[in-house]
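Structure at a glance
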Amino acid sequence: MKDYKISSYEEAIEVINEVGLLPLSPLIQDYPSLDSITLKEHWHSGSEFDPWMWRARFPVDGVAAYGKFIKKKSILISCELLPLVRAILGSQDSVAKRYNDGLVSREALELFTLISEEEGIDTRVLRTKAGMKDKEKKKPFDNALLELQGSMDIVVSGTKEKTNVSGEKNGWSSTSFETLAFWSKNNDVVQRKIEIDEAKYELKNHFIKICNPESMKALEKIFKL
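Residues numbered from 1 in each chain as written. Predicted model: local features only at pLDDT ≥ 70, side-chain atom pairs only at ≥ 80, totals over all residues. Heavy atoms only, no water.

**Examining the pattern of salt bridges**
- Enumeration according to the criterion identifies 11 salt bridges in this entry.
- Taking the shortest distance from any N to any O, the salt bridge between Arg106 and Glu107 comes out at 3.5 Å.
- Judged by relative accessible area, which is 22%, Glu107 ranks as partly exposed.
- One continuous salt-bridge network, built from bridges that share partners, spans Arg106, Glu107 and Glu110. (Salt bridge = Lys/Arg side-chain N within 4 Å of Asp/Glu carboxyl O. Buried < 20%, exposed > 50% of the residue type's maximum accessible area, 1.4 Å probe, protein only.)

Next comes the structure, spelled out in structure tokens:
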């Protein structure tokens with residue numbers, strides 16, 4: 001596979017568009033990740049070369065969908081591959097129907113409903129509105145968010161800075177979420193009606209062109225190609 005080495009946001013966009021799926025940290029053998037193709041000293045530097053800062057820009061700029069889609073790991077997916085990955089990892093049924101069928105947790109349904117009502121909601125606000133601010137409810141809250149990302153019902157829409165009453169930055173930034181449907185519509189991602197077998201065929205053809213046998217084997221396992 002091509003050996004990518006980048007140092008700018010614009011170069012990162014080119015890589016995302018070329019490979020289609022880019023994990024933030026190493027996930028697939030012999031396959032690039034944002035961590036592996038950038039310089040370690042740039043991470044968390046707060047500069048324009050900081051990949052940690054870029055991760056929130058990609059979804060805001062409509063470059064890629066961002067979320068913990070695979071193995072609870074943060075992944076960037078290009079707009080071109082998004083409908084294919086969504087067809088394979090997601091479901092044709094609504095979250096409500098899946099909940100009624102016993103396939104979705106109550107917490108996930110509740111969070112999805114709140115996110116749908118307030119697209120781009122801050123994690124802190126979401127946790128408060130869901131009545132899950134208590135310490136013992138943090139794990140069910142986090143698990144529900146992972147569940148909804150893994151089924152590609154929601155995506156990270158960006159990050160929001162925590163500010164004090166004076167509007168000054170105060171503490172860590174928090175993640176904000178949107179439904180995938182809302183993000184796709186806002187960024188002109190064509191919502192294709194595509195069967196799983198067709199999506200797998202197209203995805204396999206895409207990866208065959210850029211992957212070596214080892215990374216291809218791992219991707220075939222992830223997507224059951």
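**So, the nonpolar core**
- With 66 residues, the main nonpolar core has Phe58, Leu111, Phe207 and Phe223 as its most contacted residues.
- Beyond its immediate stretch of four places on either side in the chain, Phe207 contacts Val19, Leu21, Tyr31, Leu81, Met216, Leu219 and Phe223. (Core = buried A, V, L, I, M, F, W, Y, C linked by side-chain atoms within 4.5 Å. Contact = heavy atoms within 4.5 Å.)

**Overview of unusual backbone geometry**
- The residue His44 is not glycine, and still its phi comes out positive at about 60°.
- As for its placement among the helices and strands, His44 is situated in the loop between strand E1 (21-23) and helix H2 (51-60).
- In this model, Asp188 sits at a positive phi of 55°, which is unusual for a non-glycine residue.
- Topologically, Asp188 is positioned in the loop between helix H8 (180-186) and helix H9 (196-208). (Helix = DSSP H or I, 4+ residues; strand = E, 2+ residues; numbered from the N terminus.)

**So, the sheet that holds E1**
- Across the sheet, three strands lie side by side as E1-E3-E2; this open sheet has antiparallel pairing. Here the strands that pair on one side only, and so sit at the sheet edges, are E1 and strand E2 (64-70). For this sheet the average axis-to-axis angle between neighbouring strands, irrespective of direction, equals 30°.
- Here E2 pairs with strand E3 (residues 73-78) via five bridges, running antiparallel. Looking at the pairing, Ala65 lines up with Ile77 of E3. (Pairing = 2+ DSSP bridges. Axes fitted to C-alpha atoms, helices over the stretch in contact; angles between N-to-C directions.)

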